[in-house]
Amino acid sequence: MTERMTIRLEVNGRAVSCEVEPRTHLIDFLRDSLQIKGARVGCEHGVCGACTVRLDGRMVRGCLVLAVQAQNARVETIEGASDRGDLAELQAAFHARNALQCGFCTAGMLIAAAELIEQKPHASRDEIRKFMSGNYCRCTGYQAIVDAIEDVLEARLQRTSAPVASC
Amino acid sequence: MKAAAFDYVRPRDIAQVFALLEEYGDEARIIAGGQTLLATLNMRLSEPQLLIDIGALNELRGISVSGDRLRIGALVTHAQIEDSDLVRRHAPLLSEVAPHVAHRAIRNLGTFGGSIAFADPAAEWPACLVALRGWVIVSGADGERRIQADDFFLDLYTTALQPGEVILACEVPVETAASNHQFDELVRRHGDYAIVGAAVTGSMAATGLIENPRVVFLGTGNVPERARAVETLLETTALTVDTAAEFADALDIEPAADLYHSAQTKLHLSRVVLKRLLCKFAEARIEGRHEGDKHD
Amino acid sequence: MLRKRHQNDVGLDERRYIGSPVARPNARRLLQGRGTYVDDIALPRMAHVVYWRSPVAHARITAFDSSFARMMPGIIGIYQASDLEGVCKPWVATLSHLAGMKSAVQYPLAPGHLCWQGEPVYAIVAESRREAEDAMPYLQVQWEELPVVADMEHALDADAPVIHPELGDNLCFTRTIDTGNVSAAFEGADLVVEETYHFGRHTGVTMETRSVLADFNAADNTLTVYHSHQAPHMMQDLYSRHLDLPEGSVRVICKDVGGSFGIKVHSYPDDFATVALAKILKRPVKFVADRLESFASDIHAREHRVHARLAAMTDGRIVGFEIDDLSGVGPYSVYPRTSGIEGNQVLNITGGPYRHEHYRAVLRVVFQNKPPMSQYRGVGHPIACAVTEGMVDLAAQRLGIDPLALRRMNVMPDDSYPRTGASGIKLEGLSHEACLDEIEEMIEYARLRKEQRELRSQGVYRGIGIASMVELTNPGAAFYGVGGARIAAQDGATVRLDAGGGISVLVSVGEQGQGTETIFAQIAADTLSMPLGSIRVVTGDTGVTPYGGGTWASRGAGIGGEAVLQASIALSAQVIDFAARIHQRERNGLALADGAVVDTSTGETVVRLVDLATQAYFRPDTLPPGIHPELSATRHYAQRDYPFVFTNGVHVSHVEVDVETGMVKLLKHWVVEDCGRVLNPMLADEQIRGAVVQGIGGVLFEECLYDAGGSLRNGNMADYLVPMAAEMPDIEVAHIETPTATSQLGAKGAGEAGTAGAPAAVMNAINDALVPFNTRLTSHPITPEKILIALGTVSASK
């Protein structure tokens, strides 16, 4: 018999303390122990991206992280990021462009898209496609997703395009 | 699937890791980034009794330069390599290759040391380490060892790591002004394991001959494969854009078939990849600048 | 996005919402991760079931012992076929109108004869999935392997093992179409081209795997099933009949469904087993397939080999087509829609766009020891279109006629409808010529050809592939009902003005992301002149909605939409009637506008709908005698004019083939689609794009690879290659609109046209690129290795 362990971490801004089996991956912990269903299971081998959540601010495959490895960490799911308003621009763009259909990949897509716009504010269409190719979608043709991300990148560039200050 | 049950421990010091490895032997597995291990466990392809998480060993983190070597801690993630200025300056091959390693979500957790220890022949880092003439620094209860990359990858998923040993870091020589490198891989989909890939390194002299050439393939055999006949030829025969194809014809590796490609196809694709890499190698010298200088 | 109104326009007045790219109201919850999929639902005392599945393709169980497994923690019970006898009746999946079709009796759990790798045999029920999986290795099962039928070409050989001896052979279904005089026509032709096409078996890979949660209340004898499914009423009927429960005691609820594509329109043995277990255990039982078992247990599709011939004259006239289609399905026909439909459609659809008169086609569907095969998005169309369009391109090449020009010469003219195709398909009104004209302009055809020539001289090989297509949508009862299946071909909608002044729309057609609910809201909103936000749509619940068929064969917009339209029209008349009577106005002087009943001559508001509702629901005391307001209307609609309402379109794929590596780069893809009245261009277009990408999957990437022993070699997400974003092209979509006169709405279906035409277009583009090499690729998926073999670079050694 293996030992259950108590873990303490922060999930969507709230401190939680829970007993888990070590083999429990982060997604099963979120879904089954905390009833946070926005974290989804698509393959459990780290390929499809449906389980993408944030761990200490970076996106990860929740199925390839053990809950016990998240001890003392900050975990954020789509619900948390959404309620914080962190994804508002992307969500609005996805909605306007119909960049989702069945919605199963959407949580992972949005979290990946959020990391993209933060890390590659000048990403070309081709770079958007490459970055997002870690998230599988079977419903859309990916194009609306790329269009939505492009819209957000463009809007941000326009907002931040101030004249370059001289030194 | 859900993994079979195991116990988990996260030691605070490396001595504790050695003690546990001694006690549990084959029943224990080390987990670093877990990006390969957990997928394996989730499919119940492996059922260890104990996972030893080395994530608390801070001495395994960090990228640093000391003298003519760049040191990459075993726990450095692929994303950290991708984002590192030090790596870009001193081992730009790794910076260029990093975006090919799976996808960003995996790179955020997967570690360099983990990739080296697992030694998947279709992975990028083992081939790059051999191409850069790097070293693997390992530690065990009996102390530290320094193993040349050439001597580290022995067979499929088999390295020179002895039971009870842990990778501390890898080192590569710092790139010099004369160094050149090219990398490419063929994939059906961006981020997949390569069908075939190759890294070419060396210093190209004005004569077109290459000093210390390395031509290393991934995805062709059980370990990163050096195309030694091609390396020898590069040292003795001038490489130009027009002659690149002849070097590729001299390719002396014998790739095995995979799920989608016959051995003959893999050999052919290896030749094509090599020819194209050597072309770029020759071009880079002519243009006097390197691939790495261009924007991604 | 371009839309052109074509002739035969029946005409709806210009509306606010219909025809507009309205964003989906029900997408909001999905964007926040707050959708509800079956696995999100937890019921008290819920148990989990995991299935022990046959590890081999063909075997007979010789010994079974579950005593050790039972002792594992959390195990509630372990069940085999005999435990389900008397609880769930077996089935035979045939349809009487597919004459001569045969299939063996199938049980929810295999009673001992294991026929495919992945077939469910034993059920392990536990408090959690992981505990059930922990017990699985302790099940002691022994079996004796039997000879395997894994090559459909040999399934009917005299010495082939017969999977079900009681059937006599491995033939599931055969059919022939023969217009007569075909041989003479071919003999009299100037040119006969012949080619063989192979299509690799592949599968749907829905993001959300198959999921079912069955809840049986032993006191009431009622069954509630939460199902990730496309056809709740069909499943209600099946569960009721197979578990011997009155229909009214079974409720099937489909909440958010994470992708379906036809994979989830069928019944599965493990679904029946799960429901039976809930009845036996008297507690809720949940089954969520894991990804690995999905590859081996979801239905597969499209394993065909087609020999094709085309006869033409020197002037370009296509005289006839002939095909011989061999299709290898699983060991059982799939229930209840059968495994004969896909092949049947290949026969019906081949040659579809063209006006040749001569056609002969033979279909043989054979059983194999591989997962069962059945309808998956496009159902036969991708194959029929690839064969047809491949042959047309081959003929064009041999005749020295431009492929676009050859198609123009041979498609049924736009003004020649209604007419019947050579295969017997009845066509109401199509627009092949208009579509070809449109696409020629969109792609700048002349420029692409010029560029192609220039690049060829530089050793860069680009190709342009064209594919004209027809697609069946809005099926009438001909599809299933006529064959004895209790699958509704009609659908119903209830539209209701609620007490609070909002509108509820309850429809028997649901959605799995296509946007059908939004379209229904648009229709109701426009007809009732209410804001979109006031419309609440409810679907996917047999306890709530009218009875109907659900989502399949691209019928959601056309059939469900028409029901919503008719019910909305009926309600608007009832509302106006009520308003007229209590406000003493003439009915025909009133109309609905912006949430109120208005006087059409003055524009004056007579009464707001919200106030009418308040009066009707709460103040019947204020109503004049004899007035009984009905603020709810239900209408059902079935398409009864044609067996199907066909749509048409044309695809063009632009590719670049790296002849050294065999890699194909998809440069761009265009589609001109005529799906009748476009209700929401944004939704229609992304549906088309998604379908195109699925089609691309089949032509370039996807195949379930089996070894000679019937074992699946690539059943995981890393080895089975589904298309990801980086390799996909931008897909430009335009529409021609030829509304159908079979309904007032005039909408045809659009969900599958992308899958139908994309494989043909991409294959044709690759072959066009490789014209200088005098070789053609006709085996899907067209992998780099196949291209290298065709080019003679490597030999076919495997």
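Residues numbered from 1 in each chain as written. Chains lettered and ligands numbered in written order. Predicted model: local features only at pLDDT ≥ 70, side-chain atom pairs only at ≥ 80, totals over all residues.

### Comments concerning the overall build of chain B
A count of helical and extended segments in chain B gives twelve helices and 14 strands. Rg of the C-alpha trace for chain B: 19 Å, near the compact-globule value of 19 Å for 296 residues, within the 12% margin. Its C-alpha atoms give chain B principal-axis dimensions of roughly 60 × 45 × 35 Å. Relative to its full complement of 296 residues, chain B shows a buried share of 53%. Partitioning the contacts of chain B with sequence separation of at least 6, the portion at a separation of at least 24 is 62%. (Helix = DSSP H or I, 4+ residues; strand = E, 2+ residues; numbered from the N terminus. Rg over C-alpha atoms; globule rule 2.2 N^0.38 Å. Buried ≥ 20, exposed ≤ 12 C-beta atoms within 10 Å, placed from the backbone. Contact = placed C-beta atoms within 7 Å.)

### Let's talk about the overall build of chain A
A count of helical and extended segments in chain A gives six helices and five strands. Element order for chain A, N to C, with α for helix and β for strand: β-β-α-β-β-β-α-α-α-α-α. Structurally, chain A occupies a C-alpha span of about 60 × 45 × 25 Å along its principal axes.

### A few points about the domain arrangement of chain B
Residue and element names in this part refer to chain B. Once the domains are mapped, chain B shows domain 1 (1-175) and domain 2 (179-286). With 22 residues of domain 1 in contact, the opposing surface of domain 2 contributes 20 residues. Per element, the largest residue contribution to the side of domain 1 that touches domain 2 is six residues, and it comes from helix α8 (residues 124-131). Of the residues contributing to the side of domain 1 that touches domain 2, the split by class is 15 nonpolar, two polar and five charged. (Domains from an automatic or database assignment. Nonpolar A, V, L, I, M, F, W, Y, C, P; charged D, E, K, R; others polar.)

### Re the interface of chain B and chain A
With 25 residues of chain B at the interface, the matching set in chain A holds 28 residues. If you list the elements that add at least two residues to the side of chain B that touches chain A, you get β1 (7-9), α2 (37-42), β3 (50-53) and α6 (104-107) of chain B. A class-by-class count of the residues in the side of chain B that touches chain A yields twelve nonpolar, eight polar and five charged.

### Focus: helix α12 (residues 432-443) of chain C
Think of an α-helix as turning once every 3.6 residues; residues three or four places apart then point the same way. Residue and element names in this part refer to chain C. With twelve residues, α12 should reach 16 Å at 1.5 Å per residue; the first-to-last C-alpha distance of 16 Å fits that figure. Taken together, the buried positions of α12 are occupied by H432, A434, C435, L436, E438, I439 and I443. Next to the buried residues of α12 lie α11 (403-410), α13 (445-456), β21 (461-473), β29 (645-657), β30 (664-674) and β31 (731-737). Looking one or two residues beyond α12, the residue adopting positive phi is E444, at roughly 55 degrees. (Expected span 1.5 Å × (residues − 1).)

### Some remarks on the sheet that holds strand β28 (residues 632-638) of chain C
All names here are of chain C. The four strands are arranged β24-β23-β22-β28 in an open sheet whose pairing can be described as mixed. The sheet terminates laterally at β24 (535-539) and β28, the two strands that pair on one side only. Each neighbouring strand pair of the sheet contributes to a mean axis angle of 15 degrees, computed without reference to strand direction. Against the sheet, helix α14 (residues 516-528) touches β22 (490-497), β23 (503-507) and β24, its axis set at about 140 degrees to β24. Helix α15 (residues 556-582) contacts β22, β23 and β28 of the sheet and is inclined by roughly 35 degrees relative to β22. (Pairing = 2+ DSSP bridges. Axes fitted to C-alpha atoms, helices over the stretch in contact; angles between N-to-C directions.)

### Structural notes on the packing of helix α17 (residues 681-701) of chain C against helix α18 (residues 753-769) of chain C
Residue and element names in this part refer to chain C. Viewed as axis vectors pointing N to C, α17 and α18 meet at an angle of 45 degrees, and their least axial separation amounts to 7 Å. Relative to α18, the element α17 lies oblique. Taken as a pair, α17 and α18 cross one another with a handedness that is right-handed. Here I688, R689, G690, A691, V692, Q694, G695, I696, G698, V699 and L700 of α17 come into contact with α18, specifically with A753, G754, T755, G757, A758, P759, V762 and M763. Within the contact of α17 with α18, the residues separate by chemical class into eleven nonpolar, seven polar and one charged. (Parallel < 35°, antiparallel > 145°, perpendicular 65-115°, else oblique. Left-handed = near helix turned anticlockwise from the far one by under 90°.)

### Overview of the interface of chain C and chain A
Across the contact, 41 residues belong to chain C and 39 residues belong to chain A. Taken together, the residues that form the side of chain C that touches chain A break down as 20 nonpolar, eleven polar and ten charged.

### Observations concerning unusual backbone geometry
Cis geometry marks the peptide bond from Y335 of chain C to P336 of chain C, where omega comes out at 0 degrees. You can see P336 of chain C is positioned in the loop between β17 (318-328) and α9 (341-349). Phi is positive for A102 of chain B, which is not a glycine, with a value near 45 degrees. With respect to the secondary-structure elements, A102 of chain B resides in the loop between α5 (92-97) and α6.

### Remarks on the pairing of strand β2 (residues 28-31) of chain B
Residue and element names in this part refer to chain B. Bridge analysis of β2 against β3 gives four bridges, and the strand direction is parallel. Directly across from A28, in β3, lies its bridge partner L50. What joins β2 to β3 is α2, and the crossover it makes is right-handed. (Right-handed = clockwise from strand over helix to strand, strands pointing away.)

### Some remarks on the nonpolar core
Counting residues in hydrophobic clusters, the biggest one holds 414 residues, and the most contacted among them are V49, A123, I124, V125, V505, A524 and V564 of chain C. The contact partners of V125 of chain C, leaving out residues within four places of it in the chain, are A47, V49, I76, G77, Y79, A132, L277, L281 and V285 of chain C. (Core = buried A, V, L, I, M, F, W, Y, C linked by C-beta atoms within 7 Å.)

### Side note on the environment of A4 of chain B
Counting through the fold element by element, A4 of chain B comes out in the segment before β1. In the structure, A4 of chain B is positioned 40 residues away from R44 of chain B in sequence and 6.4 Å away in space, judged by C-alpha atoms. In contact with A4 of chain B, other than residues within four places in its own chain, are R44 and E47 of chain B together with D134 of chain C.

### A word on the domain arrangement of chain A
Residue and element names in this part refer to chain A. Domain boundaries assigned for chain A yield domain 1 (5-82) and domain 2 (87-159). For domain 1 versus domain 2, the distance between C-alpha centres works out to 22 Å. Taken together, the contact pairs 13 residues of domain 1 with 13 residues of domain 2. Elements with a contribution of two residues or more to the side of domain 1 that touches domain 2: β3 (52-55) and α2 (78-83). Within the side of domain 1 that touches domain 2, the residues separate by chemical class into seven nonpolar, four polar and two charged.

### A closer look at the sheet that holds strand β26 (residues 596-599) of chain C
Residue and element names in this part refer to chain C. The antiparallel open sheet is built from three strands, whose spatial order is β25-β26-β27. Among the strands making up the open sheet, the edge pair consists of β25 (590-593) and β27 (605-608). For this sheet, the mean angle separating the axes of adjacent strands, direction not counted, is 30 degrees. Bridge count for β25 against β26 is four bridges, and the pairing is antiparallel.

### Some details on the packing of helix α3 (residues 88-97) of chain A against helix α4 (residues 106-119) of chain A
Residues and elements named next belong to chain A. Contact geometry for α3 and α4: axes closest at 10 Å, N-to-C directions at 120 degrees. By the angle between their axes, α3 is oblique relative to α4. Of the two possible hands of crossing, α3 and α4 adopt the one that is right-handed. From α3, L90, Q91 and F94 reach across to α4, where they touch L110, A113 and A114. The residue inventory of the contact of α3 with α4, partitioned by class, reads five nonpolar, one polar and no charged.

### Examining helix α16 (residues 609-618) of chain C
Residues and elements named next belong to chain C. Among the residues of α16, those classed as buried are L609, L612, A613 and A616. With its buried residues spanning 100 degrees around the axis, α16 presents them on a single face. Buried-residue contacts for α16 involve β22, α15, β26 and β27. (Arc of directions from axis to C-beta.)

### Comments concerning the confidence of the model for chain B
Residues and elements named next belong to chain B. Averaged over chain B, the pLDDT score is 94; the fraction of residues at 70 or greater is 96%. Low pLDDT (under 50) marks residues 289-296, which in the prediction has ten contacts with non-local residues, meaning those over four places away or in another chain. Interface confidence in the predicted complex, given as ipTM, is 0.96; pTM for the same model is 0.96. (pLDDT = per-residue confidence, 0-100.)

### Overview of the environment of G77 of chain C
All names here are of chain C. Considering the arrangement of structural elements, one finds G77 in strand β4 (residues 75-79). Classification of G77 as partly exposed rests on a count of 16 C-beta atoms within 10 Å. The sequence separation of G77 and V470 amounts to 393 residues, and the corresponding C-alpha distance is 51 Å.

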